[in-house]
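Structure assessment
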Amino acid sequence: MTRPQGFDVRVAPDVVDVLSSRRASVGLAQQFGQAMRRLEQFGTRATGAKKLAGLDPWEIRAGEHRAYFCPVPGKRVLAVGALIPKKAKRHRSARLLVITARVHRWREAVQEEHR
């Protein structure tokens, strides 16, 4: 039996809005696209993807930004719920809680689509 290939990566409308805003550079869109292709191909094993310590979401780099995502349980789907600039070494814990809530809301919306 062969293993299924690839993952379905669902990007939240909030993330698309960030990418299409005037302040977003062409380079950010290209780097985000490359990160999403890596996620589609390799999932959580993609280069640059890492799980946040003690939290549910994962992150992947896209230039100076980080895309935060969660796998949808029981599916080969990844829900990308936030794209946040990250210039400091760490986010504050309050910021991480906001990111986690956004990612979980998007994951739940994607999960409802797949039922």
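Residues numbered from 1 in each chain as written. Predicted model: local features only at pLDDT ≥ 70, side-chain atom pairs only at ≥ 80, totals over all residues. Heavy atoms only, no water.

Describing the packing of aromatic side chains
By convention here, two paired aromatic rings are described through the distance between centres and the angle between planes. The cut-off we apply is this: Only centres within 6.5 Å qualify two rings of Phe, Tyr or Trp (six-membered ring in Trp) as a pair; their planes then separate them into stacked at under 30 degrees, edge-to-face at over 60, and tilted for everything else. Only DSSP runs of H or I with at least four residues qualify as helices, and only runs of E with at least two residues qualify as strands; both kinds are numbered from the N terminus onward. Only protein chains enter the accessibility calculation, which uses a 1.4 Å probe; a residue is then buried when its area is under 20% of its type maximum, exposed when over 50%, and partly exposed in between. For a ring to carry a charge above it, either NZ of a lysine or CZ of an arginine must fall within 6 Å of the ring centroid while also lying within 35 degrees of the normal to the ring plane.
Taken as a whole and judged by the stated rule, the model has 1 aromatic pair. On the basis of an interplanar angle of 25° and a centroid distance of 6.3 Å, the ring pair of tryptophan 58 and phenylalanine 69 is categorised as stacked. A residue pair is termed long-range when its members are at least 10 positions apart, and tryptophan 58 in strand β3 (residues 58–62) and phenylalanine 69 in strand β4 (residues 65–71) qualify at 11 residues. The class of tryptophan 58 is buried, set by a relative accessible area of 18%. It is arginine 76 that lies over the ring of phenylalanine 7; its NZ or CZ is 4.2 Å from the centre.

Notes on the side chain of histidine 65
Rules: Residues count as neighbours in contact if any of their non-hydrogen atoms are within 4.5 Å of one another.
In this structure, histidine 65 sits in strand β4. On the basis of relative accessible area, histidine 65 is assigned to the buried category, the value being 18%. If sequence neighbours within four positions are ignored, histidine 65 has contacts with Leu28, Ile60, Leu83, Ile84, Pro85 and Lys86.

Some details on the pattern of salt bridges
This is how it is decided: Should a side-chain nitrogen of Lys or Arg be within 4 Å of a carboxyl oxygen of Asp or Glu, the pair is scored as a salt bridge.
The full count for this structure, using the stated rule, is 5 salt bridges. As a salt-bridge pair, aspartate 8 and arginine 10 come within 3.0 Å of each other at their nearest N and O atoms. Taking the relative accessible area as the measure of exposure, aspartate 8 reaches 28% and is therefore partly exposed. You can call arginine 10 partly exposed: its relative accessible area is 26%. Between glutamate 113 and arginine 10 there is a salt bridge; the shortest N-O distance is 2.7 Å. You can see glutamate 113 sitting in helix α3 (residues 93–113) and its partner arginine 10 sitting in strand β1 (residues 8–11), a full 103 residues away along the chain.

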